[in-house]
Amino acid sequence: MHDGVKTTVRTGRTGQTTQADVEETRYQRGLRVLSQVDGTAGEQVVAKLAEFAPDFARLLVEFPFGDVYARPQLGLREREIATIAALTAMGTARPQLEVHIAAGLHVGLTREEIMEVIMQMGVYAGFPAALNGIAAAREVFGRHDAAQGEGGA
C-alpha cells in the first residue's frame, strides 16, 4: 500500500535540501505528530491497542494525527484546546479527556488555560459535563505533579 505524500527535508545551517522528495506515509506522519502531541504516551496507547485491534490502531494514527492534526491551519495548542472542549462537552469520554488534558500540558497549555476551556464548556454543555471535566483535570494534574516529584517530565 502506498499512501505517500512528497515532502522536502531541509537540514543544516544553509537550509539547503539534502534529500528531495522523501516519501512520508500517512502513518509515518501520524506517528510524528502523535509524538509531538503526546510524547511517548501516545505511542504506548497505540502499541497496546495494536495488540488487540491493529487495524483500528493504524486508523487512529493515520486519520486524526496523519490527516487532521498535521494540517497547518491550526497549531497543536489550538487543536488540543478544541479537543479538550469537545471531550468535556461530550461528557462520556473521560479516558480520552484525560489523555488530551495531558497532551495539552505537553504542547504548552497551562493548567489555567485548560481549566478555562473546561469552565467554558459549563456554559454550553452544562455543569455536570464541566464538573466531570474538572475531576479529570484534577486526576491528570495530580499524576503530572507526582511524575515531576519523581524526576519525570
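The model shown is predicted, which means the values in this text are computed figures rather than measured ones. (Residues numbered from 1 in each chain as written. Predicted model: local features only at pLDDT ≥ 70, side-chain atom pairs only at ≥ 80, totals over all residues. Heavy atoms only, no water.)

Asker: Explanation requested: the pattern of salt bridges in the structure shown.
Answerer: Two side chains bearing opposite charge may form a pair once their charged atoms approach each other closely. All chains considered together, the criterion is met by 10 salt bridges. Two residues, Arg 58 and Glu 62, come together in a salt bridge whose shortest N-O distance is 3.0 Å. With Arg 58 and Glu 62 both in helix α3 (residues 54–69) and 4 residues apart, this pair spans about one turn of that helix. Take Arg 58: its relative accessible area is 35%, and that puts it in the partly exposed class. Classification of Glu 62 as buried rests on a relative accessible area of 4%. The salt bridge involving Glu 98 is made with Arg 94; its shortest N-O contact spans 2.7 Å. Of this pair, Glu 98 and Arg 94 both sit in helix α5 (residues 94–106), separated by 4 residues, roughly a single helical turn. Taking the relative accessible area as the measure of exposure, Arg 94 reaches 36% and is therefore partly exposed. (Salt bridge = Lys/Arg side-chain N within 4 Å of Asp/Glu carboxyl O. Helix = DSSP H or I, 4+ residues; strand = E, 2+ residues; numbered from the N terminus. Buried < 20%, exposed > 50% of the residue type's maximum accessible area, 1.4 Å probe, protein only.)

Asker: Sorry if this is basic, but what is going on with the nonpolar core here?
Answerer: The nonpolar side chains of a soluble globular protein tend to be buried with one another. Counting 16 residues, the largest nonpolar core has Ile 84, Leu 97, Ile 101, Ile 114, Ile 118 and Phe 141 as the members making the most contacts within it. Secondary structure elements with two or more residues in this core: α4 (76–90), α5, α6 (111–125) and α7 (127–149). Filtering out sequence-adjacent residues up to four positions away, Ile 84 remains in contact with Leu 97, His 100, Ile 101, Leu 109, Ile 114, Val 117 and Ile 118. Listed in part, the 9 residues of the second largest apolar core include Val 33, Val 37, Phe 65 and Ala 103. (Core = buried A, V, L, I, M, F, W, Y, C linked by side-chain atoms within 4.5 Å. Contact = heavy atoms within 4.5 Å.)

Asker: What should I look at first to understand the packing of helix α1 (residues 26–38) against helix α2 (residues 40–52) in this one?
Answerer: Working note: a packed helix pair is described by the angle between its axes plus the distance between those axes. Where α1 contacts α2, the two axes come as close as 6 Å, and the packing angle between them is 130°. By the angle between their axes, α1 is oblique relative to α2. Packed against α1, whose contacting residues are Tyr 27, Leu 34, Ser 35 and Asp 38, the element α2 presents Thr 40, Ala 41, Gly 42, Glu 43 and Val 46 at the interface. Grouping the amino acids of the contact of α1 with α2 by side-chain chemistry returns 4 nonpolar, 3 polar and 2 charged. (Axes fitted to C-alpha atoms, helices over the stretch in contact; angles between N-to-C directions. Parallel < 35°, antiparallel > 145°, perpendicular 65-115°, else oblique. Nonpolar A, V, L, I, M, F, W, Y, C, P; charged D, E, K, R; others polar.)

Asker: Just checking my understanding: could you explain the packing of aromatic side chains for this structure?
Answerer: To describe a pair of aromatic rings, one takes the distance between the centres and the angle between the planes. Tallying each qualifying case throughout the model produces 1 aromatic pair. Centre to centre, the rings of Phe 65 and Tyr 69 are 4.7 Å apart; their planes meet at 40°, and the pair counts as tilted. Separated by 4 residues within a single helix, Phe 65 and Tyr 69 lie in helix α3, roughly one turn from each other. Look at Phe 65 and you get buried, because its relative accessible area is 7%. Its end group placed over the ring of Tyr 27, Arg 58 keeps NZ or CZ at 4.5 Å from the ring centre. (Phe/Tyr/Trp six-rings, centres within 6.5 Å; stacked < 30°, edge-to-face > 60°. Lys NZ or Arg CZ within 6 Å of the ring centre and 35° of its normal.)

Asker: Quick question: what am I supposed to make of the confidence of the model for the protein chain here?
Answerer: Interpretation of the predicted coordinates at a detailed level should be avoided for regions scoring low in pLDDT. Across the protein chain, the average pLDDT comes to 87, with 84% of residues at 70 or higher. Across residues 1–21, confidence stays below pLDDT 50; counting only partners more than four residues off in sequence or on other chains, it has 31 contacts. (pLDDT = per-residue confidence, 0-100.)

Asker: What should I look at first to understand α4 in this one?
Answerer: An α-helical segment advances 3.6 residues per turn. Residues three or four places apart therefore align on the same side. For α4, spanning 15 residues, the distance from its first C-alpha to its last is 21 Å, which sits close to the expected 21 Å at 1.5 Å a residue. Close packing links the buried residues of α4 with α1, α3, α5, α6 and α7. Just downstream of α4 lies Gly 91, where phi reads positive at about 70°. (Expected span 1.5 Å × (residues − 1).)

Asker: What is the right way to read the side chain of Glu 24 from this model?
Answerer: By secondary structure assignment, the location of Glu 24 is in strand β2 (residues 17–24). On the accessibility criterion, Glu 24 (14% relative accessible area) is buried.

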